[in-house]
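Residue-level listing of the chains:
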Amino acid sequence: MKITFTTKAWLSEFSIDTPEQLRTLKGAAGLHYAPEMFGAGWTLVGTAEVTLDLLGERALVDAKIATLHEQAKSIRAEATAKCTQIEGRIQQLLAIENSAPAANENDLVQIQMEMGDDWTNIGGAMRRAVAEFKMAELAECHPGALRIVAAS
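Residues numbered from 1 in each chain as written. Predicted model: local features only at pLDDT ≥ 70, side-chain atom pairs only at ≥ 80, totals over all residues. Heavy atoms only, no water.

**Q** When you look at the pattern of salt bridges in this model, what are you seeing that I'm missing?
**A** One side chain can pair with another of opposite charge once the charged atoms of both are near each other. Inspection of every chain in the model, using the stated rule, returns two salt bridges. Lys-8 serves as the salt-bridge partner of Glu-36, at 2.8 Å between the closest nitrogen and oxygen. Placement of Glu-36 in the loop between strand S2 (32-34) and strand S3 (43-53) and of Lys-8 in strand S1 (residues 2-11) is noted, with a sequence separation of 28 residues between them. Classification of Glu-36 by relative accessible area gives partly exposed; the value is 42%. Where Asp-62 meets Arg-58, a salt bridge forms, and the shortest distance between an N and an O atom there is 2.8 Å. Highlighted residues: Asp-62 and Arg-58, both in helix H3 (residues 57-98), separated by four residues, approximately one helical turn. (Salt bridge = Lys/Arg side-chain N within 4 Å of Asp/Glu carboxyl O. Helix = DSSP H or I, 4+ residues; strand = E, 2+ residues; numbered from the N terminus. Buried < 20%, exposed > 50% of the residue type's maximum accessible area, 1.4 Å probe, protein only.)

**Q** In this structure, what is going on with the pairing of S1? I would like to understand it.
**A** A regular strand carries its side chains on alternate faces of the sheet. Two strands pair when backbone bridges link them, and S1 and S3 are joined in this way by ten bridges, in the antiparallel orientation. Within the sheet, the bridge partner assigned to Thr-6 lies in S3 and is Glu-49. As paired strands, S1 and S2 are joined by three bridges and run antiparallel to one another. Bridge assignment links Ala-9 to a residue of S2, and that residue is Tyr-33. (Pairing = 2+ DSSP bridges.)

**Q** Mind showing me how you'd approach a nonpolar patch on the surface here?
**A** Judged by side-chain polarity, Met-1, Ile-3, Phe-5 and Leu-52 come together as a nonpolar surface patch covering roughly 370 Å² of accessible area. Mapped onto the elements, Ile-3 comes out in strand S1. Residue Ile-3 is classed as partly exposed on the basis of its relative accessible area of 30%. (Patch = residues over 30% accessible without salt bridge, like charges linked within 9 Å, V, L, I, M, F, W, Y side chains within 5 Å. Areas by Shrake-Rupley, 256 points an atom, 1.4 Å probe, with all protein chains shown as cover.)

See below:
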């Protein structure tokens, strides 16, 4: 089906074509054709009578479906890339959370119990030591940092 109509010819703000170049087939093919162009930078250079040889109904539907498939593919790729970035951030946070610096000798707190073989009061000594040195926080940040050494 053929349709003929008149529209306007517009030159893009980025075009460097001279008036002589616009008068050629190549120059005319580089123009944009629309009743109006919105936004800054478009220069009206003339009018055009256009004859459109419209595709058949099945071809139009197939072309639109192909375009929609391409859009979906592009959106999936963008979403996958964003999800990958988010997962990377999550892994970085998990790595920070799970990689507390190893306790060194200065971090270790030794509780020496000077009680010989009498271990009956170890619970009370431990509670006092934990309260005094706030071992709950240290143990949370540095697992294994608390060593109990019984004096002989």
